[in-house]
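Spelled out from the first residue to the last, the chains are:
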Amino acid sequence: MKYDLRQLPIDRVLVSPSLLAADFGNLDRDIAEVTAAGADMLHLDVMDGSFVPNISFGVPVIKSIRKNSTLLFDAHLMIDHPGKYAEVFSSAGADHITFHVESLDDPAEVIAAIRGAGCTAGISVKPKTPASAIMPYLDKVDMVLVMTVEPGFGGQSFMADQMPKVAEIRREILRRGLKVQLQTDGGIDAKTSPVAAAYGSNLQVAGTAVFRHPEGMKKAVEIIHGSTAALDSNLK
Ligand code: DX5
Ligand code: ZN
């Protein structure tokens, strides 16, 4: 049984904590804590050392944590050939799979492979890629992910110059009445979360700001949920 992203609303700010910032020696403990803190899902950053200049974790880790977690697994594949791996990540326990439009595979085929594997599908753009690259797929996906850092590493600074792109995509989602989650990922914290929300990001990934929050994960999740007050306030 898969968790279904399509059941989640797009009119309030949800949080997907990135496991990349957790303690890899105590994954089950950190996942239990972030679940109790009220996380809406868990963001899994998979990197292949080719699409991005870093290697994170893959199938065996996801399989292991799946046994003890009841969260929706939101896999973010930063890999060259996402289509080829949709099935294995689904079998490992991913509920949702986001791939990059800049990957080497044909986006329509990747979306079909993800759906064929029983997952919901998301498409992502790196900072230098315009919104127009994903527009042809907007009515074929359940999520668009706008990167607010260059993918590859946690702990980088939020790129505010990505906000016009977020607004452009959110406006189109609302105009067409689509139920598409608009995710931002990279450098999200108490200061930048309301900014991303104001431009229309209703689903926010946060690694460092959740798993390493000085006042604990519950406080961190509360802060990001609080950005609902700012949602769409800067959509012109
Ligand atoms: C970067 C990853 C992000 C990253 C976010 O390539 O996609 O999910 O872990 O980390 P923070 O929130 O620390 O910027
Ligand atoms: Zn990510």
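Scroll up to find the structure.
Residues numbered from 1 in each chain as written. Chains lettered and ligands numbered in written order. Predicted model: local features only at pLDDT ≥ 70, side-chain atom pairs only at ≥ 80, totals over all residues. Heavy atoms only, no water.

Draft legend 1. Representation of the packing of aromatic side chains in the model. This model, assessed by the stated rule, comprises one aromatic pair. Ring centres of Phe24 and Phe57 lie 5.9 Å apart, and the angle between their planes is 75°; on these two criteria the pair is classed as edge-to-face. With Phe24 in the loop between β1 (14-17) and α1 (27-36) and Phe57 in the loop between β2 (42-47) and α2 (59-66), this residue pair connects regions lying 33 residues apart in the sequence. For the cation-ring pair, Arg66 lies above Phe73, with the distance from its terminal atom to the ring centre recorded as 3.7 Å. The ring of Phe51 is capped by Lys126, whose NZ or CZ atom sits 5.1 Å from the centre of that ring. (Phe/Tyr/Trp six-rings, centres within 6.5 Å; stacked < 30°, edge-to-face > 60°. Helix = DSSP H or I, 4+ residues; strand = E, 2+ residues; numbered from the N terminus. Lys NZ or Arg CZ within 6 Å of the ring centre and 35° of its normal.)

Draft legend 2. Representation of the sheet that holds β2 in the model. Judged by pairing direction, the sheet is parallel, and its eight strands sit side by side in the order β1-β8-β7-β6-β5-β4-β3-β2 without closing on themselves. The sheet is open, and its two borders are formed by β1 and β2, each paired with just one other strand. Each strand of the sheet is rotated relative to its neighbour by a mean of 25°, with strand direction disregarded. Contacting β2 and β3 (73-78), α2 runs over the sheet at an angle of about 160° to β2. Its contacts with the sheet put helix α8 (residues 217-225) on β1 and β8 (203-206), and the angle it makes with β1 is roughly 140°. (Pairing = 2+ DSSP bridges. Axes fitted to C-alpha atoms, helices over the stretch in contact; angles between N-to-C directions. Contact = heavy atoms within 4.5 Å.)

Draft legend 3. Molecular detail of the environment of Lys84. As for its placement among the helices and strands, Lys84 is situated in helix α3 (residues 82-92). We classify Lys84 as exposed; its relative accessible area is 62%. The sequence separation of Lys84 and Val110 amounts to 26 residues, and the corresponding C-alpha distance is 8.1 Å. (Buried < 20%, exposed > 50% of the residue type's maximum accessible area, 1.4 Å probe, protein only.)

Draft legend 4. Layout of the coordination of the zinc ion (ligand 2). Summarising the metal site, the zinc ion (ligand 2) is bound by the protein donors His43 (NE2), Asp45 (OD), His76 (ND1) and Asp185 (OD), whose distances to it range over 2.0 to 2.3 Å. In this structure, the zinc ion (ligand 2) is coordinated by six donor atoms arranged in octahedral fashion, with angles at the metal of 68 to 167°. Coordination of the zinc ion (ligand 2) draws on donor residues from a single chain, spaced H-x1-D-x30-H-x108-D in sequence. Residue Asp45 is found in strand β2, and its partner Asp185 is found in strand β7 (residues 181-185); the two are separated by 140 residues along the sequence. There is no split in this pair, since Asp45 and Asp185 are both buried. (Donors = N, O, S within 2.8 Å, 3.2 Å for Na, K, Ca; no water. Tetrahedral: all angles 85-135°; square planar, octahedral: opposite > 155°, others 65-115°.)

Draft legend 5. Main features of the pairing of β2. Along β2, six of the six residues are buried, which leaves the element largely enclosed by surrounding structure. Both faces of β2 are covered, namely the face carrying Leu42, Leu44 and Val46 and the face carrying His43, Asp45 and Met47. Sheet analysis places β2 next to β3, joined by six bridges and oriented parallel. Following the sheet pairing, His43 is matched in β3 by Asp74. One crossover worth recording links β2 to the parallel β3 by way of α2, and it is right-handed. (Right-handed = clockwise from strand over helix to strand, strands pointing away.)

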